[in-house]
Amino acid sequence: MYCTTIAITTLLAAPAVAAFAPSSSALKYHRTDTSSLHVAVDPEVVTKAEYKDICGVNFDNQSLEERLQRTSFLYPKHVEVIEDFAPMVDKMVDEILLETGEKAWQPQDYLPDLTQEDWYDQIKDVREMADTVPDELLVVLIGDMVTEEALPTYQTLLNTFEGCDDPTGTTESAWARWSRGWTSEENRHGDLLNKYLYLGGRCDMRNIEVTIQHLITSGFNPGAQKDPYRGFVYTSFQERATKISHGNVGKLAKVSGDKNLQRICAKIAGDEGRHEKAYQAFCTEILARDPDGLLAVFGDMMRGQIVMPAELMTDGKDPHLYENFSNVAQRLGVYTALDYAEIIEHLVKVWDLENIEGLSSEGEKEREYLCKLPRRYTKLAERSMNKAKKATEDEVPTQSFNWIYGRQA
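Before going into details, it helps to say that this report is about the structure given with it. (Residues numbered from 1 in each chain as written. Predicted model: local features only at pLDDT ≥ 70, side-chain atom pairs only at ≥ 80, totals over all residues. Heavy atoms only, no water.)

Regarding the overall build of the chain
The cut-off we apply is this: Numbered from the N terminus, helices here are DSSP runs of H or I no shorter than four residues, and strands are runs of E no shorter than two. Each residue is placed in one exposure class: buried if its accessible area under a 1.4 Å probe, protein chains only, is under 20% of its type's maximum, exposed if it is over 50%, and partly exposed if it falls in between.
Regarding its fold elements, the chain presents 18 helices and four strands. The buried share of the chain, taken over its 409 residues, is 48%.

Right, dumping it as structure tokens:
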């Protein structure tokens, strides 16, 4: 993109090269035009036509600035596409995201009010119900809470999607407003679960806080590569996965006797469901404008594996903490390989991939691959889960968790 003396040396003889160098003699004896890249160009030695032939752009300031604007993105076409439906995103901010302030639900709505005279009784009720939750489910709830508390990492991720960033922190573009609004809603989830676990009194909260700090410090890379297409396919998948996980924890909590936790998880799952619909709607808009582009990205991502947000989770003591937490979640049926396959099937259906027309030959290959993928994943998931079930028929493996003071789960 930028023409340097070194690059041009390979193409031109020495006298012509000198025309691009900011030499004092050229500045003194010849009329020069200085570009916004601060490269002195002598039009008496190199004509505009010759410069454009070499660099692909004129050397006047306006042409260079226009060129830089067009090439400042890794994915200029993808940015152009998402900017085209920005008005719809503005509408999503108003219709999908909840109002802030008094009309929005807050964590305190589901927690004891310590300003009331019966505050002690309220806490006692919370603890009595929390005592009914088995350690296995408690471990999964803690893992879900830690994942939610790493929210700063996820907002950072959103701001890496080209064309969706919030460069000033208060940018009024549709995408920046969405990013901040989404983050403000998600922020409630970790807050609420954290306080619930603290009041329950059955967890080592300091160890959990250490885990949260480690996770945020370690960061998170889902392989979006700054591409908004990849970013929205990922969030379409992940929001649904999170909804499933919170919803299933709530159902199990109700069975165990903690109706308070069931209400909490249902409320959080409801938020994730709204967010899921928004991200999937963004991808629907992309498909309407660039179906080949989105299918290429979707297919490429499915040939790999969707990275879970908390995969770098550690408490500084257990190097396999995420794997151990994930195994417990799978045994309880909170989030399994079958759920992974179901999410792929859902995305294929909601984006109506079976009926997309007007694709290139490559796009058609991706469409066929993606439409067949849910069935393949389902078979693999069933085979894997049956194998795991047989391996644990005699004895279910357990693992100690520092989150619950070393108890087995």
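A short note on the packing of aromatic side chains
The condition that has to hold: When the centres of two rings from Phe, Tyr and Trp lie within 6.5 Å, Trp using its six-membered ring, the rings pair. Their planes under 30 degrees apart give stacked, over 60 give edge-to-face, and anything left gives tilted.
Summed over the entire model, instances satisfying the criterion amount to 20 aromatic pairs. Between F161 and F232 the ring centres are 5.9 Å apart and the planes differ by 85 degrees, which places this aromatic pair in the edge-to-face class. Linking F161 in the loop between helix 10 (151-158) and helix 11 (174-200) with F232 in helix 13 (residues 228-256), this pair joins segments that are 71 residues apart in sequence. Residue classification places F232 among the buried positions, given a relative accessible area of 1%. Taken together, a centroid distance of 5.7 Å and an interplanar angle of 90 degrees make the contact between Y279 and F282 edge-to-face. Of the two residues, Y279 and F282 are both situated in helix 14 (residues 259-289); the distance of three residues between them amounts to about one turn of the helix.

Focus on helix 11
As a reminder of what qualifies: An expected span of 1.5 Å times one less than the residue number is assigned to each helix.
Taking 1.5 Å per residue, 27 residues should reach 39 Å; helix 11 reaches 40 Å between its end C-alpha atoms and fits that length. Where burial is concerned, most of helix 11 is hidden: 20 out of the 27 residues are buried. G201 sits one or two residues past helix 11 and shows a positive phi near 70 degrees.

A look at the packing of helix 7 (residues 86-95) against helix 14
Relative orientation and spacing of two packed helices are given, respectively, by the angle between their axes and the distance between those axes. Let me state the cut-off plainly: Between N-to-C directions, angles span 0 to 180 degrees; the directions come from axes that are lines fitted to C-alpha atoms, helices contributing only their stretch in contact. Note that the term roughly parallel is reserved for angles under 35 degrees, roughly antiparallel for angles over 145, roughly perpendicular for angles of 65 to 115, and oblique for everything else. In this scheme, a crossing is called left-handed if the near helix is turned counterclockwise away from the far one by less than a right angle; it is called right-handed if the turn is clockwise. Residue contacts are counted whenever heavy atoms from the two residues lie within 4.5 Å of one another. Amino acids outside the nonpolar list (Ala, Val, Leu, Ile, Met, Phe, Trp, Tyr, Cys, Pro) and the charged list (Asp, Glu, Lys, Arg) are all regarded as polar, and Gly is one of them.
Helix 14 packs onto helix 7 with a crossing angle of 165 degrees between their chain directions and a minimal axis gap of 11 Å. One element, helix 7, and the other, helix 14, form an angle in the roughly antiparallel class. Seen from above, helix 7 lies across helix 14 with right-handed handedness. Facing M88, V89 and M92 of helix 7, the residues of helix 14 in contact are A278, A281, F282 and E285. Class assignment of the residues belonging to the contact of helix 7 with helix 14 gives a composition of six nonpolar, no polar and one charged.

Regarding helix 13
In a regular helix each residue adds 1.5 Å, so 29 residues correspond to 42 Å; helix 13 covers 42 Å between its end C-alpha atoms and thus fits that length. Positive phi shows up at G257, right after helix 13, with a value of about 120 degrees.

Brief notes about the packing of helix 9 (residues 135-149) against helix 13
Remark: helix 9 packs on helix 13, axes separated minimally by 11 Å, with the N-to-C direction vectors making an angle of 145 degrees. The handedness of the crossing between helix 9 and helix 13 is left-handed. In contact with L137, V140, L141, D144 and E148 of helix 9, helix 13 contributes T242, S245, H246, V249, L252 and A253. In terms of residue class, the contact of helix 9 with helix 13 is made up of six nonpolar, three polar and two charged.

Things to note about the pattern of salt bridges
Filter applied, for reference: By definition here, a salt bridge exists when the distance from a side-chain nitrogen of Lys or Arg to a carboxyl oxygen of Asp or Glu is within 4 Å.
Counted under the stated rule, the structure contains 21 salt bridges. The partner of R202 in a salt bridge is D135, with the nearest N and O atoms 2.8 Å apart. One end of the pair, R202, is in the loop between helix 11 and helix 12 (205-218); the other, D135, is in helix 9, and 67 residues separate them in sequence. For the pair R202 and D135, one class covers both residues: buried.

A few points about a nonpolar patch on the surface
Just so we agree on the cut-off: A residue counts toward a patch only above 30% relative accessible area and without a salt bridge, and it is joined to like-charged neighbours within 9 Å or, for Val, Leu, Ile, Met, Phe, Trp and Tyr, to nonpolar neighbours within 5 Å. Accessibility throughout is a Shrake-Rupley quantity obtained with a 1.4 Å probe, and a residue counts as covered only by protein chains that appear here.
A grouping of L114, W119 and Y120 is seen on the molecular surface, where their side chains present a nonpolar patch of about 360 Å² in accessible area. Position of Y120 among the secondary structure elements: in helix 8 (residues 119-130). By relative accessible area, Y120 is classed as exposed at 54%.

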